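Residue-level structure breakdown
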Amino acid sequence: MVLLCSGTNRQRCVLLFTRGVKSLSFSLINSFLFSVHVYPQLEHGNRLSVCNKICYAIGGAPYQITGCALGFFLQIYLLDVAQLDPFYASIILFGGRAWDAVTDPTVGFLVSRSPWTRFGRMLPWILLSTPLAVLSYFLIWYVPPFEDCKVVWYLFFYCLFQTLQTCFHVPYSALTMFISSEQKERDSATAYRMTVEVLGTVLGTAIQGQIVGMANAPCLPGPGDIVANMTNSLNSIGLNDSEKAYMIASGVICLMYILCALVLFLGVREQKESCRPRSEPMGFFQGIRLVMGHGPYAKLVMVFLFTSLGFMLLEGNFALFCSSTLGFRNDFQNILLVIMLSATLAIPFWQWFLTCFGKKTAVYTGTLAVVPFLITVVCLKSNLIVTYVVSFAAGVAVAAAFLLPWSMLPDVVDDFQVQNPESTGHEALFYSFYVFFTKFASGVSLGISTLSLDFAGYISRGCSQPKEVDLTLKLLVSAAPIALIIIGLIILSFYPINEERRQGNRKLLQEQRDSEADSETDSTELANIV
């Protein structure tokens, strides 16, 4: 350097040297700042704090609180409080569920087409749908002052609420893929979510059951009394008190719905998608071919379809079974509360179990665990203490039914992304169709179960029911759920994503993200140099 910079070239060489030092220093500073700020942000962006996970989990509570209240109590409310014929009640239950199923893929398409905002793509849907959803939910539990159009009233507001709740739940479910890119973090957040959701079912059961239970209208001794005295004895038998109790319970649930939505919106930050361009949005049948054409997803949907059908039949008819067949008319809400409380306590156990033994093993173990208790509750003679013990044990299996299918869905989405790296931005489709098939089938099952009670001769608010009704309820809460669960587990044996494949997908996706991050880093450094 000294030889080259001697004589007349010294001043020019010093100038070049100074410029080189400045350029090198600038590059080193930029690299240092990038390593200090950008890399920790990338690493921290994949990790969620406990507060983030809790806020995300709280957002799942409204769906479960309202769903549990509707699932356990809407049938008995329509039959015994709104005084609808079982045939019309079945139309409402089936129509609402079927409509709810249709709205899921529709909302999924709309969400997938939504532009990115400063709040994200999913969170605005959640915030804007909440006020109208709360209003429509409250009106479901209001008995209108007219008789002729009651069926239309309940069907309209039930369908409206299901639509607005779908606008909440589909974006919320798809949000799982955008809170972190790490499988472990998403699994952990899902465990938090399922714990809060099962706790939401406890709250829904407790709020609805305990408030309604305090104003439970007494049963009527026979069909003749129902026909002859219905008009003149409503107030004397406490039916108006039951109507008010249902409205008070729905008001409390509406307040909780709003609070949970605000916590989710304020406490969770939605991560923007990869820098890769999103695929073009597609139509309904294209979406079906896309998601159902992926083998692991189709098998998982069928597993979830049959197992959830079994548990939904149990959920929809257990209150009637306890009050009518077992004779625990004044205790059924406490029995339901025991089941949900047990399920809440069992969620951490199943999260540990699937971590140690794998998700498929956990599904087999957890789902089959409910079968002995379903058999016991219908075979033993009516005994309140035995029923409480059986209900607590059954709640452990209910926890597995809540947690495991949803914890497996992100693995299927990751598997699709590995096999189709150029097809991106379809997460909402996977989640919406996942819910679509189960909701439609559950609507069919609930409609058929209510119709079965009608054919068996169910007596609204009767102190006793015909033997045909008792037999029908036993089939609906025991034999039918067990058969559906076994079919679902047989299909699960063909589900191809085991722990080895899941870990392999995780590594491949991490390599894709690392390469994209390196490309973005090179582009940033090149822009700085230029």
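Procedures and definitions
- Residues numbered from 1 in each chain as written.
- Predicted model: local features only at pLDDT ≥ 70, side-chain atom pairs only at ≥ 80, totals over all residues.
- Heavy atoms only, no water.
- Helix = DSSP H or I, 4+ residues; strand = E, 2+ residues; numbered from the N terminus.
- Buried < 20%, exposed > 50% of the residue type's maximum accessible area, 1.4 Å probe, protein only.
- Contact = heavy atoms within 4.5 Å.
- Phe/Tyr/Trp six-rings, centres within 6.5 Å; stacked < 30°, edge-to-face > 60°.
- Core = buried A, V, L, I, M, F, W, Y, C linked by side-chain atoms within 4.5 Å.
- Domains from an automatic or database assignment.
- Expected span 1.5 Å × (residues − 1).
- Bend = angle between axes of the 7 residues up to and from the residue.
- pLDDT = per-residue confidence, 0-100.
- Salt bridge = Lys/Arg side-chain N within 4 Å of Asp/Glu carboxyl O.

1. Focus: the overall build of the protein
- Scanning the protein for helices and strands turns up 18 helices and zero strands.
- Relative to its full complement of 530 residues, the protein shows a buried share of 53%.
- At a minimum sequence separation of 6, the contacts of the protein that also span at least 24 residues come to 85%.

2. Topic: the packing of aromatic side chains
- The full count for this structure, using the stated rule, is 22 aromatic pairs.
- Judged by centre distance (5.1 Å) and plane angle (25°), the rings of Tyr56 and Tyr172 are stacked. Separated by 116 residues along the polypeptide, Tyr56 in helix 2 (residues 50-58) and Tyr172 in helix 6 (residues 150-174) bring together distant segments of the chain. In terms of burial, Tyr56 and Tyr172 fall into one category: buried.
- Three or more aromatic residues link up through ring pairs in this structure, and these residues are Tyr77, Tyr137, Trp141, Tyr154, Phe161 and Tyr246.

3. Considering the nonpolar core
- The biggest cluster of nonpolar side chains holds 138 residues, and the ones touching the most others in it are Leu74, Tyr77, Leu78, Trp141, Tyr154, Leu175 and Tyr297.
- A per-element tally of this core places helix 15 (residues 384-419) first, with 14 residues.
- Two domains each provide a minimum of three residues to this core, namely domain 1 (49-220 + 239-270) and domain 2 (287-513).
- In contact with Leu78, not counting residues within four places along its chain, are Gln83, Leu84, Ala89, Ile92, Leu93 and Tyr154.
- Formed by six residues, the second largest nonpolar core is a distinct cluster that contains Leu305, Leu309, Leu476 and Leu484.

4. Things to note about helix 5 (residues 123-140)
- Taking 1.5 Å per residue as the helical rise, helix 5 with its 18 residues ought to reach 26 Å, and the 26 Å between its terminal C-alpha atoms agrees with that figure.
- The sharpest bend along helix 5 comes to roughly 40°, located at Thr130, with the proline Pro131 sitting one to four residues further on.
- Taken together, the buried positions of helix 5 are Leu123, Pro124, Ile126, Ser129, Thr130, Ala133, Val134, Ser136, Tyr137, Leu139 and Ile140.

5. Quick word on the confidence of the model for the protein
- Model confidence for the protein is summarised by a mean pLDDT of 76, while 78% of its residues fall at 70 or above.
- The secondary-structure element of the protein with the lowest mean pLDDT is helix 1 (residues 10-45), recorded at 41, while helix 5 shows the highest, at 92.
- Below pLDDT 50 for its whole length, residues 1-45 participates in 17 contacts with residues either more than four positions away or in separate chains.

6. Describing unusual backbone geometry
- In this structure, Gln83 takes a positive phi of about 60° despite not being glycine.
- When you line up the elements, Gln83 lands in the loop between helix 3 (61-80) and helix 4 (86-113).

7. Overview of the pattern of salt bridges
- Taken as a whole and assessed by the stated rule, the structure comprises five salt bridges.
- We note a salt bridge from Arg502 to Asp411, for which the minimum N-O separation is 4.0 Å. Of the two residues, Arg502 is situated in helix 18 (residues 499-529) and Asp411 in helix 15; the sequence distance between them amounts to 91 residues. For the pair Arg502 and Asp411, a shared accessibility class is recorded, and that class is buried.
- Note that Arg501 is salt-bridged to Asp415, the shortest N-O span being 2.9 Å. One end of the pair, Arg501, is in helix 18; the other, Asp415, is in helix 15, with 86 residues separating them in the sequence.
- What emerges from the salt-bridge pattern is a single network uniting Lys359, Asp411 and Arg502.

8. Details of the side chain of Gln162
- Looking at the secondary structure, you find Gln162 in helix 6.
- In this structure Gln162 comes out as buried when scored by relative accessible area, which is 4%.

9. Side note on helix 12 (residues 332-357)
- Here helix 12 is 26 residues long and its end C-alpha atoms lie 36 Å apart, about the 38 Å a rise of 1.5 Å per residue gives.
- Maximum bend of helix 12: about 35°, positioned at Ala346, with proline Pro348 one to four residues after it.
- Two residues or fewer past helix 12, Gly358 is found with a positive phi of approximately 95°.

10. Quick look at the side chain of His169
- Take His169: it is sitting in helix 6.
- With a relative accessible area of 2%, His169 lands in the buried category.

11. Remarks on the environment of Lys359
- Residue position: Lys359 is located in helix 13 (residues 359-368).
- For Lys359, a relative accessible area of 3% translates into the label buried.
- Sequence spacing of Lys359 and Glu499 is 140 residues, and the spatial spacing of their C-alpha atoms is 7.8 Å.
- The contact partners of Lys359, leaving out residues within four places of it in the chain, are Asp187, Leu354, Ser407, Met408, Asp411, Glu499 and Arg502.

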